[in-house]
Amino acid sequence: MAGNKGRGRAAYTFNIEAVGFGRGEKLPDVVLKPPPLFPDTDYKPVPLKAGEGEDYMLALKQELRETMKRMPYYIETPEEKQDIERYSKRYMKVYKEEWIPDWRRLPREMMPRKKCKKAGPKSEKAKDTGKGTSLTNTADVLKKIEELEKRGDGEKSDEENEEKEGSKEKSKEGDEEEDDDAAEQEEYDEEEQEEENDYINSYFEDGDDFGADSDDNMDEATY
Amino acid sequence: MTQAEIKLCSLLLQEHFGEIVEKIGVHLIRTGSQPLRVIAHDTGTSLDQVKKALCVLIQHNLVIYQVHKRGVVEYEAQCSRVLRMLRYPRYIYTAKTLYSDTGELIVEELLLNGKMTMSAVVKKVADRLTETMEDGKTMDYAEVSNTFVRLADTHFVQRCPWVPATENSDPGPLPPAPILVISEKDMYLVPKLSLIGKGKRRRSSDEDAAGEPKAKRPKHNTDNKEPIPDDGIYWQANLDRFHQHFRDQAIVSAVANRMDQIFRSLPVGYNISKQVLDQYLTLLADDPLEFVGKSGDSGGGMYVINLHKALGSLATATLESVVQERFGSRCARIFRLVLQKKHLEQKQVEDFAMIPAKEAKDMLYKMLSGNFISLQEIPKTPDHAPSRTFYLYTVNILSAARMLLHRCYKSIANLIERRQFETKENKRLLEKSQRVEAIIASMQATGAEDAQLQEIEEMITVPERQQLETLKRNVNKLDASEIQVDETIFLLESYIESTMKRQ
């Protein structure tokens, strides 16, 4: 709404009395800066409730906090090296129980995949026994890519490498989907037999492996 | 989800599950439903870690998954469920009051683990209870089972949805994710188990072995060789049922307070006879709080509890109390006045409240800028000219409740941050005191003299002890405050939910 300033005269567009200021009364100062971060309060807060129930809940809360840190669900981040290696730290290390989720209730993609080399020949065997001829194409592609990789990264440009990785990943994915269909049983047994703490192995407890695994070609999100 | 809620969720997830789970969880809360690879890509986390984090979150009912077309599985976080983690102590304490220590531990185990089979819960709880009993005594599985059944009957624990058994032997390609279902009638059905056994005490030899890497132990110890009778039947705590209980408690205690007031003004004896009960009920029905309404005269008078009105009254009382504590009792008077009269002009407020104009104006604006009170414009003319418009002050309870709720979330986030700061500041001292305690404990176990123990204790100087005392006091205060603010959150959320349901 075009507000005419009244040709130099100060005039309000609304009835100033309705807001509560009398005519000609001094208006309060203009606020020039944001209010203080911790303003003084005129009224002190009411004291907290105290009682048996409250005390018990407080103790429970603190206990729960400590307990949760020791449960297998608490996933530690690898810590930076401490400045002084404390002797007593060894004796205060809390043993964490292992937890294996019920895979029947989770999507299949949740299961950890064995990407390490020693599983390679085994999964290939499973692959061979488990399926028919439809995968010869993908097997060929894989072999070809392996050969190319062996020739060395330095010879290829980055782009080409990425392409190959991309297609390798795609075919790997295709492989794995079909792998799962036919050979899921075998894979699972494999994992059980391989080591006693198979699943736990991929849950690293020390920080050593962190970052060393370059899982799943994170360069491009192909899905 | 508001920023305040997301921030609070982040703090809660980090405290309970660590930073990796927190990163994934907060990402999902912010972005909504996403598939696995997108999560990994967007958060810059390795696929392996994302999977672990999701497993943990799904186990604790904080994330659900859905299969979309073309077999893509998407994961969605439940922000409000994350916020419920604040209430865990209250759930556990309630179970204790209703079903004593056994009930308390059952609920605690279910909350700590997300979901468990009944046999696992019974075994774990029996073991824990046995630890606390005198030497030679053990807790029988049957007793724990009984309490579990009672909890299921009263709906405090419920079954999780599960994978229905498929009839066909070869279903063709397996689905990318199992579809979990549950029907109403099965939700509280306890499987027929004959759990026989007693709790086991953890032997001291096991404790010594704590430092050794247990990874070398065989995956299946002897206990697990037996087939689990209720395999696949998982139970979880039924939070809604607890909420019902809290709500009932809140209403009962509010009415009880009211009753006390009425009680004092009536000459009645201590045995409640039918006549007196009638009187009480009539009083309650006429009470302006409107908790109880009379809905007919059949059977001598049918009385009904109006839950929505009750929750509304509780929410309003909370608002009034906050205004009083923040702005003073005169402001509170104005607030109650506007609440009662629904709409008031500036002049009318001054007259009714009997407060001088200048102060009344000041107070109204303070409350206005705090969003406890709002202005309603009523134009006299079609051009909405301000000089010819009524401006009425009014209290919109729903929006004020929402504002206060949002503030509560911020408060708790601040409390948690401060507590973490205090703990971090004193980290060195805390670690030192823990080490000293560990040393003393081990020395006591091997039998040391008092003089030696005293020497070790003196490793912590007197001012350090005082510092620790102060820290403990502060942390306790902050923790207790969190619990109390959560009570307010519960009231406000209940009221808002009840109001939204009626719309």
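No experiment lies behind these values; they were computed from the predicted model shown. (Residues numbered from 1 in each chain as written. Chains lettered and ligands numbered in written order. Predicted model: local features only at pLDDT ≥ 70, side-chain atom pairs only at ≥ 80, totals over all residues. Heavy atoms only, no water.)

Okay, the overall build of chain B next. Helix and strand counts for chain B come out as 19 helices and eleven strands. Considering chain B as a whole, with its 503 residues, one finds that 46% of them fall into the buried category. Restricting to contacts in chain B with at least 6 residues of sequence separation, those with at least 24 account for 65%. Here chain B has roughly 27200 Å² of accessible surface; of this, 52% comes from carbon and sulfur atoms. (Helix = DSSP H or I, 4+ residues; strand = E, 2+ residues; numbered from the N terminus. Buried < 20%, exposed > 50% of the residue type's maximum accessible area, 1.4 Å probe, protein only. Contact = heavy atoms within 4.5 Å. Areas by Shrake-Rupley, 256 points an atom, 1.4 Å probe, with all protein chains shown as cover.)

Before going further, it helps to spend a moment on unusual backbone geometry. Although it is not a glycine, His155 of chain B sits at a positive phi angle of roughly 70°. Here His155 of chain B lies in the loop between helix H8 (141–153) and strand E5 (157–159).

What follows is about the pairing of strand E3 (residues 73–77) of chain B. Residue and element names in this part refer to chain B. The element E3 is largely enclosed, with a buried count of four among its five residues. Bridge analysis of strand E1 (residues 34–35) against E3 gives two bridges, and the strand direction is antiparallel. Bridge pairing links Pro35 to Glu74 in E3. Relative to E3, strand E2 (residues 63–67) is paired through five bridges, and the arrangement is antiparallel. Each residue of the ladder has a partner; that of Ile64, found in E3, is Glu76. The antiparallel hairpin formed by E2 and E3 contains five residues in its connecting segment, where Arg70 sits at a positive phi of about 65°. (Pairing = 2+ DSSP bridges.)

A few words now on the pattern of salt bridges. Pairs can form between side chains of opposite charge once their charged atoms are near each other. Taken as a whole and judged by the stated rule, the model has 29 salt bridges over all chains. Two residues, Glu493 of chain B and Arg84 of chain B, come together in a salt bridge whose shortest N-O distance is 2.9 Å. Placement of the pair is Glu493 of chain B in helix H19 (residues 462–502) and Arg84 of chain B in the loop between helix H5 (79–83) and helix H6 (88–113), with a sequence separation of 409 residues. Note on accessibility: Glu493 of chain B and Arg84 of chain B belong to one class, buried. Ionic contacts of the salt-bridge type, sharing partners, join the residues Lys61 and Arg65 of chain A together with Glu15, Arg419, Asp479 and Glu482 of chain B into one network. (Salt bridge = Lys/Arg side-chain N within 4 Å of Asp/Glu carboxyl O.)

Turning our eyes to something else, we now look at the nonpolar core. Judged by nonpolar contacts, the single largest core of 127 residues is most densely connected at Leu54 and Tyr75 of chain B. Core analysis: the next-biggest nonpolar cluster, separate from the first, contains ten residues, Val255, Met259, Leu284 and Leu491 of chain B among them. (Core = buried A, V, L, I, M, F, W, Y, C linked by side-chain atoms within 4.5 Å.)

Turning our eyes to something else, we now look at the side chain of Thr394 of chain B. Within the secondary structure layout, Thr394 of chain B lies in strand E11 (residues 389–394). A polar contact is formed between the side chain of Thr394 of chain B and the backbone oxygen of Lys342 of chain B, at a distance of 2.9 Å. (Polar contact = N/O pair within 3.5 Å; in protein donor to acceptor, adjacent residues only side chain to side chain.)

What follows is about the sheet that holds strand E9 (residues 343–345) of chain B. Residues and elements named next belong to chain B. With antiparallel pairing, three strands are arranged side by side in an open sheet as E9-E11-E10. Here the strands that pair on one side only, and so sit at the sheet edges, are E9 and strand E10 (374–379). Averaged over all pairs of adjacent strands, the angle between their axes in this sheet comes to 40°, without regard to strand direction. Bridge count for E9 against E11 is three bridges, and the pairing is antiparallel. Bridge pairing in E11 places His343 opposite Thr394. Sheet strands touched by helix H14 (residues 346–353): E9 and E11. Its angle to E9, the strand with the most contacts, is close to 95°. (Axes fitted to C-alpha atoms, helices over the stretch in contact; angles between N-to-C directions.)

Turning to the packing of aromatic side chains, a few remarks are in order. All names here are of chain B. Using the criterion set out here, one finds ten aromatic pairs over all chains in the structure. Judged by centre distance (6.4 Å) and plane angle (50°), the ring pair of Tyr88 and Tyr91 falls under tilted. One end of the pair, Tyr88, and the other, Tyr91, are both in helix H6, three residues apart, so they sit about a helical turn from each other. For the pair Phe246 and Phe490, a centre-to-centre distance of 5.6 Å together with 90° between the ring planes defines the contact as edge-to-face. Of the two residues, Phe246 is situated in helix H10 (residues 239–264) and Phe490 in helix H19; the sequence distance between them amounts to 244 residues. Here the aromatic residues Tyr88, Tyr91, Tyr99, Phe156, Phe242, Phe246 and Phe490 are joined through ring pairs into a cluster of three or more. The ring of Phe352 is capped by Lys341, whose NZ or CZ atom sits 4.6 Å from the centre of that ring. (Phe/Tyr/Trp six-rings, centres within 6.5 Å; stacked < 30°, edge-to-face > 60°. Lys NZ or Arg CZ within 6 Å of the ring centre and 35° of its normal.)

Attention now goes to the sheet that holds E5 of chain B. Residues and elements named next belong to chain B. The three strands lie next to each other as E4-E6-E5, forming an open sheet whose pairing is antiparallel. A single partner strand is all that each edge strand has here, and the edge strands are strand E4 (116–117) and E5. Looking at chain direction, E4 and strand E6 (residues 234–237) are connected through two bridges and run antiparallel. By the bridge assignment, Met116 is partnered in E6 with Trp235.

Let us now look at a nonpolar patch on the surface. All names here are of chain B. On the surface, Val67, Ile179 and Val181 cluster together to form a nonpolar patch covering roughly 240 Å² of accessible area. By the element assignment, Val181 lies in the loop between E5 and helix H9 (204–208). Residue Val181 is classed as partly exposed on the basis of its relative accessible area, which comes to 39%. (Patch = residues over 30% accessible without salt bridge, like charges linked within 9 Å, V, L, I, M, F, W, Y side chains within 5 Å.)

What follows concerns the pairing of E6 of chain B. All names here are of chain B. Side chains Tyr234 and Gln236 of E6 all project onto a buried face; the interleaved residues Trp235 and Ala237 project onto the opposite face, where all are buried too. Relative to E6, E5 is paired through three bridges, and the arrangement is antiparallel. If you follow Arg159 over to E6, its bridge partner there is Trp235.

All right, on to the packing of H6 of chain B against helix H7 (residues 118–132) of chain B then. All names here are of chain B. Relative orientation of the contacting elements H6 and H7 amounts to 125°, with a least axis distance of 10 Å. Taken together, the axis directions place H6 and H7 in an arrangement best described as oblique. Both H6 and H7 take part in a crossing whose hand is right-handed. Across the interface between the two elements, Asp101, Thr102, Leu105, Ile106, Glu108, Glu109 and Leu110 from H6 touch Val121, Lys124, Val125, Arg128 and Leu129 from H7. Considering only residue class, the contact of H6 with H7 consists of six nonpolar, one polar and five charged. (Parallel < 35°, antiparallel > 145°, perpendicular 65-115°, else oblique. Left-handed = near helix turned anticlockwise from the far one by under 90°. Nonpolar A, V, L, I, M, F, W, Y, C, P; charged D, E, K, R; others polar.)

The next point concerns the confidence of the model for chain B. All names here are of chain B. Of all residues in chain B, 85% have pLDDT values of 70 or greater, and the mean over the chain is 85. Within the model, the stretch residues 204–225 combines pLDDT values under 50 with 15 contacts to residues more than four positions away or in other chains. With a pTM of 0.75, the predicted complex shows an ipTM of 0.84. (pLDDT = per-residue confidence, 0-100.)

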